[in-house]
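Chain and residue survey
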Amino acid sequence: MKLKIFSLVIFIFFSAASCVNNEHLIEDEAYLDSVNKKFQERKELFSNHENDLFAILNTDISTAESEALKFLFAYMPLSDIADYNGRFFLDNASLALKAREKTDWGKIIPENIFLHFVLPVRVNNENLDSFRLAYFDEIHERIADIKNIEEAALEINHWCHEKVAYQPADIRTSAPMATVLSARGRCGEESTFTVAALRTAGIPARQIYTPRWAHSDDNHAWVEVWVEGEWKYLGACEPEPVLDRGWFTEPARRAMLTHTLAFGLYRGDENVIKKKDKYAEINTLAKYARTKTIVIKVLDARKAAAAGAIVEPRLYNFAEFYPLAELESDDKGFCTFETGLGDLLIWASRGDSFTFEKISVEETDTLILQLGSHEDIEDYYEFDMQPPVRHIPFPDTVPLYMKQENADRLKKEDSIRHAYMTTWMKDREAVDLALSMDIDTARVKNIIDKSMGNYSEISTLMRKVPGEYSELMLELLEVVAEKDLRDTKAGILEDHILHTVDYYKGNEYPFQFFVDYILNPRISHEIITAWRSYILDYFNSTQKESFIDDPGILAGWLSSNIRQQDDMNYYRVPLSPEGVLRTGFADELSNKILFVASCRSLGIPARLEPGTNIPQFFRNGKWQDVSINEGKMKDIQRACLKLSFTGPPESAAEYYRHFTLARFEEGRYITLDYEYNRNVADFDDCLALPPGEYMLVTGNRADDSGVLSSIRFFSLGPGEKKTLHFELREEMKALKLLGKIDLDQAFFYDNASAELQEYADRGLLIVWIDHNREPSRHILNDLPLVKRELDELACQLVFLTDPAAQSASYKPGQFEGLPLKSLFAFDKDLTILNSVRGENASPVQLPFVIYSDPEGSIYYMSEGYRIGIGEQILKTLYKIN
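Residues numbered from 1 in each chain as written. Predicted model: local features only at pLDDT ≥ 70, side-chain atom pairs only at ≥ 80, totals over all residues. Heavy atoms only, no water.

It is worth spelling out the overall build of the protein at this point. Along the protein, the regular secondary structure elements total 29 helices and 38 strands. In terms of overall size, the protein behaves like a compact globule, its C-alpha atoms giving a radius of gyration of 28 Å where 881 residues would be expected to give roughly 29 Å. Reported as C-alpha extents along the three principal axes, the dimensions of the protein are approximately 80 × 70 × 70 Å. When burial is assessed residue by residue, the protein has 59% of its 881 residues classed as buried. Excluding contacts between residues fewer than 6 apart, the proportion of contacts in the protein whose partners are at least 24 apart in sequence is 68%. (Helix = DSSP H or I, 4+ residues; strand = E, 2+ residues; numbered from the N terminus. Rg over C-alpha atoms; globule rule 2.2 N^0.38 Å. Buried < 20%, exposed > 50% of the residue type's maximum accessible area, 1.4 Å probe, protein only. Contact = heavy atoms within 4.5 Å.)

Structure (structure tokens):
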């Protein structure tokens, strides 16, 4: 009853608020006409939408709210149409308009800026939630006395830091409220959350992504805010005293692309990579780095202009040539791309015709590419790829008193966030919970610990599920991703358990097989919803019986009844299975997910095949392929590929770090999606792959951040057995002395001091960190990957921090998996570090890493943000030893 009363209050509040303003939101009549036209097209297209998304427009709402909703409905991606109702968007639009009226800056924000960067709920590829409704009052109370948009943005970022800190996570982007619930998120989640907070305050904000770094195997996201006609940046949940300042400033100067998406039909004058009628992709790199615009002309096989060719500037990263953007050649075969001054592989394709060429951007003005076929290329290529050069860091002009005030605030905010985290269920409580239900205490404790702030939902589930199904419950909670434990409601998980028990009782498969491919609600990287009950209710008994008898009939039903519209789901957020069935629309991935979900709902083992993502069901002792586009089963006679790696005894090739495999599809090679860091030795002797054309990419990142890469093309025929031998290209540079360190210097720990010399008998690896910053978090996650090797070498690691930077969140014991000889200590005022860098050095970029031999000779040095430092250190140590 309380929930119903609350809902009624909310409805009355918004209904009252909606009558306040009947002025137009969109003053540009021509633009309003285009919005209305697009809205009508959408309304007709989704006239049978079960949620009746558009009926909200028939309620008593203001002119501004009506125009806001039509703008959102006209341009929103398919996932938003399918999985959210009209009331959700009206509530959010009403608060956006309220913030515009309430704040001083709301009155000066241009119409187009408000429409694209304040009104939309969606930031990027996150799952949407009611963040604005939940936090509107709290955010506006925080900035109530602030009249300046820039000061308000800085203050909101401090508010965000109280709620969330950086922690790596899987690629599904959690909703802002889920990020707050767990008090942590990766950069994409931090920036999504921060943009949501800024927009809630009526401040135009957008997420900026570098899809891949050039100098390091990773990517990053941050935030830009609109300040009186200018976009300025900030690190999400990483407050600084001023805007246009962050740890990523220097790495961004070496980027090859930074970009953002503008929701809706864009009218701005920024550099647009791709402009569609529903969104625009904006290239923002010129704000951060030296850039150059290259011109690319594509010719067909007859040397005539190839109109409509797809051109992809590809950057080496994560052992693949990743497409930074997708361009399309004009009627004369031309397209342009503004990028950084590094190396790229330019790939062009049209249909099954393709070609590619490696370029150095600084040396290239116009590139002419002629489309061809596999007959026109060699079997093997080697490319030396270089990132843009590293610049001398910008001078630090922020006054010392401002930095100190900011540092003090960060410590306080860490304490606030840490205090919230202490309210989560304790280990003793988790054990008591398990004992009360007579289930395994260690398993329950581990699950509760991973659920973080969502512990109440998980513990509620444990109490609700009947004891006879407790083992099923535990298996489900252990098979899903950790992020699922942090943001899934008890009722959703209960739905998956209760609608699987019948198959559990009569299970004919090995238990773990049943858990992985029937019980498991996780299919790809989508958010988990209660799709089992919906699917079982949606299909009638005759349909379900036919699907069970022949899952190929289900594929045929999907092909006939679901319209696949990949371009309509441009944010690439998978639709829920329920959303697909409600609307009758899907993109390719969402359709595949629905097939697998339907099979599992009917007790049929199903999956997306690892690597290829081909939908499959298990029958007659083997996995059967399905083509949803063709609406039938496909009997694909797979080839057998064995990977054979040769290299130095100490080296190891890992997927996405040193090599990847890709399969040719419509003119482009699509990387097979295997686990990150999977060792080549862990691949089956017979890697079963569909016949076709394939590409093996290898890369060995050098100490100067360049890459020694290679591409090998090969084909696999039906039933063919092939062994593919490969190795990594090796850097031939000799070991170089980089400097000296005085090992008589002392550091401090546990209220005592020690000299570096005491720990240097087997070499000394010193890492200066700022634990509050993402780059230092990365190295603390990177070094465990080489723990075994460093333990064998018995090298001492000393992690040093300036004690002035210590905060409540700094707990060295939380960093798991580090080498055995790891010591956390303090370097007061960074005295030791300054002795290494010299008196006239530019501002230090942490983390700073050196390796010294027992005599104090430095043979490895790295400064600032970088992924893969552990591997680079190993290369140095192996050369020395």
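From this point on, the discussion continues.
Attention shifts here to the sheet that holds strand 16 (residues 366-370). Spatial ordering of the open sheet is given by 13-9-16, a layout of 3 strands whose pairing is mixed. Each edge of the open sheet is held by one strand with a lone partner, namely strand 13 (334-340) and strand 16. Strand-to-strand twist in this sheet, taken as the mean axis angle between neighbours without regard to direction, amounts to 30°. In this sheet, strand 13 lies alongside strand 9 (residues 291-299) in antiparallel orientation, the contact comprising 7 bridges. Bridge assignment links isoleucine 294 to a residue of strand 13, and that residue is phenylalanine 337. (Pairing = 2+ DSSP bridges. Axes fitted to C-alpha atoms, helices over the stretch in contact; angles between N-to-C directions.)

Further remarks concern the sheet that holds strand 28 (residues 692-701). If you trace the 5 strands from one edge of the open sheet to the other, you get 17-29-28-25-26, paired in antiparallel fashion. The outermost strands of the open sheet, each flanked by one partner alone, are strand 17 (380-385) and strand 26 (668-671). The average angle at which neighbouring strand axes cross in this sheet is 30°, direction not considered. Looking at chain direction, strand 17 and strand 29 (residues 707-716) are connected through 6 bridges and run antiparallel. Looking at the pairing, tyrosine 380 lines up with arginine 712 of strand 29.

Moving on, we get to a negative patch on the surface. On the surface, a cluster of negative charge is contributed by Glu23, Glu27, Glu29, Asp33 and Glu101. Relative to the elements of secondary structure, glutamate 23 occurs in the loop between helix 1 (2-18) and helix 2 (29-45). By relative accessible area, which is 55% here, glutamate 23 ends up exposed. (Patch = residues over 30% accessible without salt bridge, like charges linked within 9 Å, V, L, I, M, F, W, Y side chains within 5 Å. Areas by Shrake-Rupley, 256 points an atom, 1.4 Å probe, with all protein chains shown as cover. Salt bridge = Lys/Arg side-chain N within 4 Å of Asp/Glu carboxyl O. Lys, Arg positive; Asp, Glu negative; His and termini not counted. Charge placed at Lys NZ, Arg CZ, Asp CG, Glu CD.)

The subject of this paragraph is helix 5 (residues 86-102). Taking 1.5 Å of rise per residue, 17 residues should cover 24 Å, and helix 5 covers 24 Å from first to last C-alpha, within 8% of that figure. Burial runs high along helix 5: 13 of the 17 residues are buried. Taking the backbone nitrogen of arginine 87 as reference, a side-chain oxygen 3.3 Å away marks asparagine 85 as the first, capping residue of helix 5. (Expected span 1.5 Å × (residues − 1). Polar contact = N/O pair within 3.5 Å; in protein donor to acceptor, adjacent residues only side chain to side chain.)

Tracing the chain through its elements places leucine 687 in strand 27 (residues 687-689). Residue class for leucine 687 comes out buried when judged on its relative accessible area of 7%. Spatially, the C-alpha atom of leucine 687 lies 4.9 Å from that of leucine 641, the residues being 46 residues apart in sequence.

Attention now moves to unusual backbone geometry. Residues leucine 846 and proline 847 are joined by a peptide bond in cis, for which omega reads 5°. Looking at where proline 847 falls in the secondary structure, it is placed in the loop between helix 28 (831-837) and strand 37 (848-852). With phi around 65°, alanine 183 is a residue other than glycine that occupies positive phi space. Note that alanine 183 resides in the loop between helix 9 (176-182) and strand 2 (184-185). Look at alanine 183 and you get buried, because its relative accessible area is 2%.

All right, on to the packing of helix 7 (residues 131-142) against helix 10 (residues 187-200) then. Packing of helix 7 against helix 10 leaves a shortest axis separation of 9 Å and a crossing angle of 65°. Helix 10 is crossed by helix 7, and the crossing has right-handed handedness. Of the residues in helix 10, those touching helix 7 at Phe131, Arg132, Tyr135, Phe136, Ile139 and His140 are Phe193, Ala196, Ala197, Arg199 and Thr200. For the contact of helix 7 with helix 10, the per-class residue count stands at 7 nonpolar, 2 polar and 2 charged. (Left-handed = near helix turned anticlockwise from the far one by under 90°. Nonpolar A, V, L, I, M, F, W, Y, C, P; charged D, E, K, R; others polar.)

Before going further, it helps to spend a moment on the packing of aromatic side chains. The geometry of an aromatic ring pair is captured by two quantities: the separation of the ring centres and the angle between the planes. If you walk through the whole model with that rule in mind, you get 69 aromatic pairs. A centroid spacing of 6.1 Å and a plane angle of 90° characterise the contact between phenylalanine 73 and phenylalanine 89, whose relative ring orientation is edge-to-face. With a gap of 16 residues between them, phenylalanine 73 in helix 3 (residues 63-75) and phenylalanine 89 in helix 5 connect regions that are remote in the sequence. Comparing phenylalanine 73 with phenylalanine 89 shows no difference in burial state: the two are buried. Taking the centre distance of 6.2 Å and the plane angle of 75° together, the rings of tyrosine 509 and phenylalanine 618 count as edge-to-face. One end of the pair, tyrosine 509, is in the loop between helix 19 (501-505) and helix 20 (511-519); the other, phenylalanine 618, is in strand 21 (residues 615-619), and 109 residues separate them in sequence. Three or more aromatic residues joined by ring pairs make a cluster, and in this case those are Tyr316, Phe321, Trp347, Phe354, Phe356, Tyr381, Phe383, Phe664, Tyr669 and Phe713. Over the ring of tyrosine 322 we find arginine 212, and its NZ or CZ is 3.9 Å from the ring centre. (Phe/Tyr/Trp six-rings, centres within 6.5 Å; stacked < 30°, edge-to-face > 60°. Lys NZ or Arg CZ within 6 Å of the ring centre and 35° of its normal.)

This brings us to the state of the cysteines. Within the structure shown, the criterion is met by 1 disulfide. In this model, cysteine 640 is linked to cysteine 686 through a disulfide, with the two sulfur atoms separated by 2.2 Å. Here cysteine 640, found in strand 24 (residues 639-645), pairs with cysteine 686, found in the loop between strand 26 and strand 27; they are 46 residues apart in sequence, far enough to count as distant. Judged by its relative accessible area of 13%, cysteine 640 falls in the buried class. Judged by its relative accessible area of 39%, cysteine 686 falls in the partly exposed class. Free cysteine: cysteine 237, not disulfide-bonded; nearest cysteine sulfur from cysteine 160 at 5.1 Å. (Disulfide = S-S within 2.5 Å.)

Reading predicted coordinates in detail is not appropriate for stretches of low pLDDT. Residues of the protein with pLDDT of at least 70 account for 96%, and the chain-wide mean is 92. The low-confidence segment residues 1-20, where pLDDT is below 50, has 15 contacts with residues more than four positions distant or belonging to other chains. (pLDDT = per-residue confidence, 0-100.)

Attention now goes to the nonpolar core. Counting 113 residues, the largest nonpolar core has Phe73, Phe89, Ile203, Val225 and Phe595 as its most contacted members. Ranked by the residues each element gives to this core, the list is headed by helix 3, at 8 residues. Those residues in contact with phenylalanine 89 that lie beyond four places of it in its chain are Leu53, Leu69, Leu72, Phe73, Met76, Asp80, Tyr84, Val121 and Leu128. (Core = buried A, V, L, I, M, F, W, Y, C linked by side-chain atoms within 4.5 Å.)

Turning to the pattern of salt bridges, a few remarks are in order. Counted under the stated rule, the structure contains 65 salt bridges. Its salt-bridge partner being lysine 464, residue glutamate 494 comes within 3.0 Å of it at the nearest N-O pair. Taken together, the residues glutamate 494 in helix 18 (residues 490-498) and lysine 464 in helix 15 (residues 455-464) connect sequence positions 30 residues apart. Its relative accessible area of 46% is what places lysine 464 among the partly exposed residues. One salt-bridge network, held together by shared partners, links Glu240, Arg245, Asp396, Lys403, Asp770 and Arg773.

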